[in-house]
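# Overview (structure and organization)
One-letter residues, chain by chain:
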Amino acid sequence: MRTRSLIFTLGSCCVASLASPTQVVLGASQVELRMQLHGRFLHITDIHPDPFYELGASQASACHRPNFEDERPAGIFCDSPFSLTNFTLDFLDEHWSSEIDFVIWTGDNARHDNDDDLPRTLDEIYDLNRAVAKRMEHVFLKKGIPVVPSLGNNDIWRPNEIIEEFSSIWSAFIPPASSASFHQGAYFSTEIIPDAVAAIGLNTLYFYKKNHAVGGCDYTDPKDPGTIQLDWLEEQLEAFRHVPPSEANYFSECYPRFVELNLRFQDTILGNLYGFSFLDADEINMSSKTSSRGTLFETLIADFSEIPAPLEDTRYDDYAVVNVNAAIVPNPYIPSFRIFTYNITGLSTLTKDIGSDPYLQTIKATQRRRALNHEQVRTFKKPKCEYKKFRNAWRCQPDKPWHSDSESPSRRNSLWSPLGFAQFYMPRLEEFDQTHDPEFELEYMTFPLSSLHPDEETQNITNHQYIIPLQLLPEELREPGAVESEYTPYELNDLTIPSWLDLATRLTKNKELQLRFKEFMYMGGVEE
């Protein structure tokens, strides 16, 4: 049994052949890894560069032509001009490429097809993706930073035709051991820290309700591409997507099986990272039944209010965390990206030879022993399964072994656990022009304010690893001593499931905190 401590999921949106992909073990990244780990990674999504963007054009023309009758200014409701795309990657190159260990890049690297006078072509989609991939390779990969890409729903056109081309565009990012699965289904796995941390890119268009070329993960159809992919995912025990999972987005048969895999392998899957929605949102519960109660914000608060109290009595086995990152494209929200941190405490070496680290070997051995002792089969009451029309549904099939563990990194702050994230944004986008450079600034962090600087026990350590490099913090936070800050509203010690549930319950009781949460969700846009 291979023990994986950290697993992310990302999503691609394309259709492949119906043949079952070759089952392979995780392949190592092709990049020559840099020597030192920092305990940070970048999540960037939905760049949407637009080669036809025209400064001063109207929103009605998708910012492609002036319209003197349209008084709405162009800018935050259009796709990204090349200047924004280039500035963002230049900023990341200058300020973050020496501070992170890997990059999660969740697709949508072509403009929206929303201008009838300038229809988007297949060649344009390829050219834009090829251009962004080259920049990602230059900024990160050539510096020894692995990049894990996934396709977005706007990166496709006649989905059956795109896989071969993207296998060429992304040849630098996909390890040879994963080429077979990518060629057959546009999903793949890769190790981002050898023998320790891995990520999987999924083709979530196979689950997407609007994709009429697939069967929707029907239990009676083993050759359905969604079923084949979920079989492959179950074997890989990892995930990372573009289209976030929900009954609104996924086929009725794909969603419950995907949820079941996330919960059943909770000791292995550490987190889920998504793009697609553009707004900044984090969901905690991933039950097989979702609610729809107005806007997304209202739905989340309603769901959070149903978390059992007190938390000490909560069954954490029933929860998984979904992170939806804000987008670079300023449509309809403000350009943003996130820097995540994760736990590397205890490692005696932070080099690329981490696989032989004694502490890591001890952790793996402990996990293997606990996995043998904690495997269980859970039986649930499944309404309607006694009826004939539901007997062949995934949710009515026999339960398989459950691999949750209270000591796993998703449940307790330990090696590889996510510690928090800092979100950077461009708040004054409309003020920038040819003479005023844009700026990315810190919007907020999930960390406690006290964690930004070393405590008394560690302040004399010369190589202390700051959660966020001091030069990238606002001036008011670069020196210790601050007792409160608008940048640290949540004060989460980590991003484990218990910590997220604690925040969720606080959001239902603290109206001021609830308003901050809502502001972060819709920064620069309207509530949806």
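Residues numbered from 1 in each chain as written. Predicted model: local features only at pLDDT ≥ 70, side-chain atom pairs only at ≥ 80, totals over all residues. Heavy atoms only, no water.

## Points about the state of the cysteines
Linking two cysteines covalently via their sulfur atoms produces the bond known as a disulfide. We apply this condition: Cysteine sulfur pairs qualify as disulfides if the two atoms are within 2.5 Å. Strands are runs of DSSP state E lasting at least two residues, helices are runs of H or I lasting at least four, and both sets are numbered from the N terminus onward. For each residue, the accessible area found with a 1.4 Å probe, counting protein chains only, is set against the maximum for its type, and the residue is called buried under 20%, exposed over 50%, and partly exposed in between.
Taken as a whole and judged by the stated rule, the model has one disulfide. The disulfide bridge from Cys63 ends at Cys78, spanning 1.8 Å between sulfur atoms. Measuring the twist about the S-S bond at about 70 degrees, one finds the Cys63-Cys78 disulfide to be right-handed. On the criterion of sequence distance, the pair formed by Cys63 in the loop between β3 (40-44) and α1 (82-95) and Cys78 in the loop between β3 and α1 is long-range, its members being 15 residues apart. Residue classification places Cys63 among the buried positions, given a relative accessible area of 0%.

## What to know about the packing of aromatic side chains
Aromatic rings considered in pairs are described by the distance between their centres and by the relative angle of their planes. Quick note on the threshold: Note on aromatic contacts: the rings of Phe and Tyr and the six-membered ring of Trp form a pair at centre separations within 6.5 Å, being stacked when their planes are under 30 degrees apart, edge-to-face when over 60 apart, and tilted otherwise. Either the NZ atom of lysine or the CZ atom of arginine qualifies as a charge over a ring when it sits within 6 Å of the ring centre and within 35 degrees of the ring normal.
Tallying each qualifying case throughout the model produces 29 aromatic pairs. Judged by centre distance (6.4 Å) and plane angle (40 degrees), the rings of Phe41 and Tyr342 are tilted. Separated by 301 residues along the polypeptide, Phe41 in strand β3 and Tyr342 in strand β11 (residues 336-342) bring together distant segments of the chain. Across this residue pair, the class does not change: Phe41 and Tyr342 are buried. Geometrically, the ring pair formed by Phe182 and Phe188 is edge-to-face, given 6.0 Å between the ring centres and 70 degrees between the ring planes. For the pair Phe182 and Phe188, a shared accessibility class is recorded, and that class is buried. Here the aromatic cluster, defined as three or more aromatic residues joined through ring pairs, consists of Phe41, Phe102, Phe340, Tyr342, Trp416, Phe421, Tyr444, Tyr490 and Phe520. Here the basic side chain of Arg338 rests over the ring of Phe421, its NZ or CZ set 3.9 Å away from the ring centre.

## Side note on the environment of Ile47
Put simply, the rule is: Working rule for contacts: check all heavy atoms of both residues, and any pair within 4.5 Å makes them a contact.
For Ile47, the position within the fold is in the loop between β3 and α1. Residue classification places Ile47 among the buried residues on the basis of a relative accessible area of 2%. Ile47 sits 34 residues away from Pro81 along the chain, and the two C-alpha atoms are 9.8 Å apart. When residues no more than four places from it in sequence are discounted, the contact partners of Ile47 are Ser80, Thr85, Trp105, Gly107, Asp108, Asn109, Val132, Ile328 and Val329.

## Observations concerning empty space enclosed by the protein
Note the following rule: The distinction between a cavity and a pocket rests on a 1 Å grid over the protein atoms alone: a 1.4 Å probe fits inside a cavity but cannot get out, while a pocket stays open yet meets protein on both sides within 12 Å along at least five of seven lines, and a residue with an atom within 4 Å of a point counts as lining. Grid points are joined across faces, edges and corners, and a volume is the space filled by probe spheres set on the points. Only Asp, Glu, Lys and Arg are considered charged, only Ala, Val, Leu, Ile, Met, Phe, Trp, Tyr, Cys and Pro nonpolar, and every remaining residue, Gly among them, polar.
Under the definition given, this model contains five cavities of 30 Å³ or more. The wall of the largest cavity is formed by 20 residues, among which Leu270, Gly271, Asn272, Val321 and Pro418 lie closest to the centre. Contributions of two or more residues to the lining of the largest cavity are made by β8 (272-274) and α9 (497-509). Along the lines of polarity and charge, the residues of the lining of the largest cavity split into 13 nonpolar, seven polar and no charged.

## A look at unusual backbone geometry
Omega for the bond connecting Ala309 with Pro310 falls within 30 degrees of zero, at -5 degrees, which places this linkage in the cis form. Along the polypeptide, Pro310 turns up in the loop between α7 (296-304) and β10 (322-324). The backbone phi angle of Trp416 is positive, close to 80 degrees, even though this residue is not glycine. Along the chain, Trp416 falls in the loop between β13 (401-402) and β14 (418-425).

## Some remarks on the packing of α9 against helix α10 (residues 511-521)
Keep this limit in mind: Angular values range over 0 to 180 degrees, each being the angle between N-to-C directions of two axes fitted as lines to C-alpha atoms, with helices fitted over their stretch in contact. Orientation categories follow fixed angle ranges, with anything under 35 degrees roughly parallel, anything over 145 roughly antiparallel, 65 to 115 roughly perpendicular, and all other angles oblique. Working rule for handedness: look at the near helix, and if it is turned counterclockwise from the far one by less than a right angle, call the crossing left-handed; if clockwise, right-handed.
Contact geometry for α9 and α10: axes closest at 6 Å, N-to-C directions at 110 degrees. Relative to α10, the element α9 is oriented roughly perpendicular. Taken as a pair, α9 and α10 cross one another with a handedness that is left-handed. Of α10, the residues touching α9 (which contributes Leu503, Arg506, Leu507, Thr508 and Lys509) are Lys511, Leu513, Gln514 and Phe517. Classifying every residue of the contact of α9 with α10 gives four nonpolar, two polar and three charged.

## A few points about the nonpolar core
Note the cut-off: Residues grouped as a nonpolar core are buried Ala, Val, Leu, Ile, Met, Phe, Trp, Tyr and Cys residues, joined through side-chain atoms within 4.5 Å.
In terms of nonpolar packing, the biggest core is built from 101 residues, with Trp105 and Trp416 touching the most fellow members. Counting residues in hydrophobic clusters, the runner-up holds 27 residues, among them Phe258, Leu263, Phe265 and Val322.

## Describing the pairing of strand β4 (residues 102-105)
Let me state the cut-off plainly: Here, a strand pair is defined by DSSP locating no fewer than two bridges between the strands. Orient the strands so they point away from the viewer, and a crossover whose first-strand-to-second-strand path over the helix runs clockwise is right-handed.
Residues of β4 alternate between two faces, with Phe102 and Ile104 on one and Val103 and Trp105 on the opposite face, all of them buried. Looking at chain direction, β4 and strand β5 (residues 147-149) are connected through three bridges and run parallel. Note that in β5 the partner of Ile104 across the bridge is Val148. Viewed along the sheet, the connection from β4 through helix α2 (residues 122-139) into β5 turns out right-handed.

## Considering the pairing of strand β15 (residues 441-445)
The element β15 is largely enclosed, with a buried count of four among its five residues. As paired strands, β14 and β15 are joined by four bridges and run antiparallel to one another. Opposite Phe424, over in β15, you have Leu442 as the bridge partner.

## Considering the side chain of Asn272
The condition that has to hold: Contacts described as polar in this section are N or O atom pairs within 3.5 Å, which, within protein, must combine one atom able to donate a hydrogen with one able to accept it, while residues neighboring in sequence count only if both atoms come from side chains.
Mapped onto the secondary structure, Asn272 falls in strand β8. Of the polar contacts made by the side chain of Asn272, one reaches the backbone oxygen of Val321; its length is 3.1 Å.

## Let's talk about the confidence of the model for the protein
Do not read the predicted coordinates in detail wherever pLDDT is low. Convention followed: The predictor's confidence in any single residue is recorded as pLDDT, a number from 0 to 100.
Considering every residue of the protein, the mean pLDDT works out to 79; 78% of them sit at 70 or more. Per-element mean pLDDT across the protein ranges from 45 in strand β1 (residues 6-12) up to 96 in β15.

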